[in-house]
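Observations on chain architecture
Take a look at the letters that make up each chain.
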Amino acid sequence: MDKICSIGHRGIAAEAPENTLASFARAIELSPDMIECDVRHTKDDNLIIMHDPTVDRTTDGSGCVAKMTLEEIKTLDAGSWRSPQYAGERVPTLDETLALCKGRVRLILELKEEEIDSSVVQAVRNFGMEDGVVIASFYDKVGLRLPNLSTRLVFKRLVWRYLPLTESESVQLVDESAALNASILGINYQAVSGALVRASHAAGIKIMPWTVDDRENMVSMAELGVDGITSNNLRLLLEVLKDIGAES
Ligand code: G3P
Ligand code: CA
């Protein structure tokens, strides 16, 4: 079995409040290959880590991230909603996340907004982490702009699809991804087929499905030949990869 890249989704979201330093630190303890997190900007143009456009679901506050200052967001509790054990956990900035992860784990930074790409790349450069970060986005423009930034960051194309792709659909998707300079194709695992893996590899593009949280689907993704798996349940993923001889 070829080695498969293990990716902790939002840190280790199955065990800790997603997209917090506590979640990233807990994931790092397990030594995954990568951690994925989501980047947005605040009203005063700071970059923070949060999945949703509002703070409502993952903090004790309410409101749109883009209409709040960093100072306001930093007053919020981003841990109690998950467990009292994490009370007082704060929403991290991108810089705090880069500082924690530098030299410990590679990061997938998913840009949840398309206009923040140059600020994110600048932050990565400031930390000298060009080799330790993958830029991901659902926004095609992000991929098209990155090559002009003379950076080693790579782009990850993400699409929504819930049935295994046919051969012609696979070729079309891979062609679109190649045109966007993608080096990795991130996709819902339910869309992955043998045809898609073959087409991706023929184009020199790695395929890393998300978000796979049960053993059966982890094994079936591995059998299809994917290059990486993203999971909320990083602990289980690492156990499964070890069991099947695919840990990297
Ligand atoms: O890794 C890809 C995945 O994170 C995309 O979906 O909604 O969890 O950000 P979402
Ligand atoms: Ca994400």
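Residues numbered from 1 in each chain as written. Chains lettered and ligands numbered in written order. Predicted model: local features only at pLDDT ≥ 70, side-chain atom pairs only at ≥ 80, totals over all residues. Heavy atoms only, no water.

A separate point is the pairing of strand E1 (residues 5-9). Burial analysis of E1 places 5 of its 5 residues in the buried class, the great majority of the element. Side-chain alternation along E1 places Cys-5, Ile-7 and His-9 on one buried face and Ser-6 and Gly-8 on a second face that is also buried. Where E1 and strand E9 (residues 228-231) come together, 4 bridges link them in parallel fashion. Of the residues in E9, the one forming a bridge with Cys-5 is Gly-228. The sheet contact formed by E1 and strand E2 (residues 34-41) spans 3 bridges and is parallel. Bridged to Gly-8 within E2 is Ile-35. Regarding the hand of the β-α-β motif, the stretch spanning E1, helix H1 (residues 21-29) and E2 is right-handed. (Buried < 20%, exposed > 50% of the residue type's maximum accessible area, 1.4 Å probe, protein only. Helix = DSSP H or I, 4+ residues; strand = E, 2+ residues; numbered from the N terminus. Pairing = 2+ DSSP bridges. Right-handed = clockwise from strand over helix to strand, strands pointing away.)

Turning to helix H4 (residues 117-126), a few remarks are in order. Along H4, the positions that sit buried rather than exposed are Asp-117, Val-120, Val-121, Ala-123 and Val-124. Looking down the long axis of H4, one finds its buried residues gathered within 160 degrees of arc, a one-sided arrangement. If you follow the buried residues of H4, they end up packed against E2, strand E3 (47-49), helix H3 (94-101), strand E4 (106-111), strand E5 (133-137) and helix H5 (140-145). Gly-128 lies just past H4 and shows a positive phi near 60 degrees. (Arc of directions from axis to C-beta. Contact = heavy atoms within 4.5 Å.)

To continue, consider the packing of aromatic side chains. Tallied over the full model, the rule gives 1 aromatic pair. Aromatic pair Phe-138 and Trp-210: ring centres 6.2 Å apart, planes at 80 degrees, arrangement edge-to-face. Of this pair, Phe-138 sits in the loop between E5 and H5 while Trp-210 sits in strand E8 (residues 206-210); the two residues are 72 residues apart in sequence, bridging distant segments of the chain. (Phe/Tyr/Trp six-rings, centres within 6.5 Å; stacked < 30°, edge-to-face > 60°.)

Going through the model one piece at a time under the given rule, you end up with 0 disulfides. The thiol of Cys-5 is not disulfide-bonded; the next cysteine sulfur, from Cys-101, is found 14 Å away. Among the residues examined, Cys-5 registers a relative accessible area of 15% and is labelled buried. For Cys-37, which is in no disulfide, the shortest distance to another cysteine sulfur is to Cys-101 and amounts to 7.1 Å. With relative accessibility at 0%, the residue Cys-37 sits in the buried group. (Disulfide = S-S within 2.5 Å.)

Another aspect to go through is the packing of H1 against H3. Packed helices, taken two at a time, are described by their axes: the angle between them and the distance between them. Orientation of H1 relative to H3, taken along the N-to-C sense of each, is 15 degrees, at an axis distance of 11 Å. Taken together, H1 and H3 sit at an angle that is classed as roughly parallel. As for the relative orientation of H1 and H3, their crossing is right-handed in sense. Contacts between H1 and H3 involve Leu-21, Phe-24, Ala-25 and Ile-28 from the first element and Glu-96, Thr-97, Leu-100 and Cys-101 from the second. Residues belonging to the contact of H1 with H3 are distributed by class as follows: 6 nonpolar, 1 polar and 1 charged. (Axes fitted to C-alpha atoms, helices over the stretch in contact; angles between N-to-C directions. Parallel < 35°, antiparallel > 145°, perpendicular 65-115°, else oblique. Left-handed = near helix turned anticlockwise from the far one by under 90°. Nonpolar A, V, L, I, M, F, W, Y, C, P; charged D, E, K, R; others polar.)

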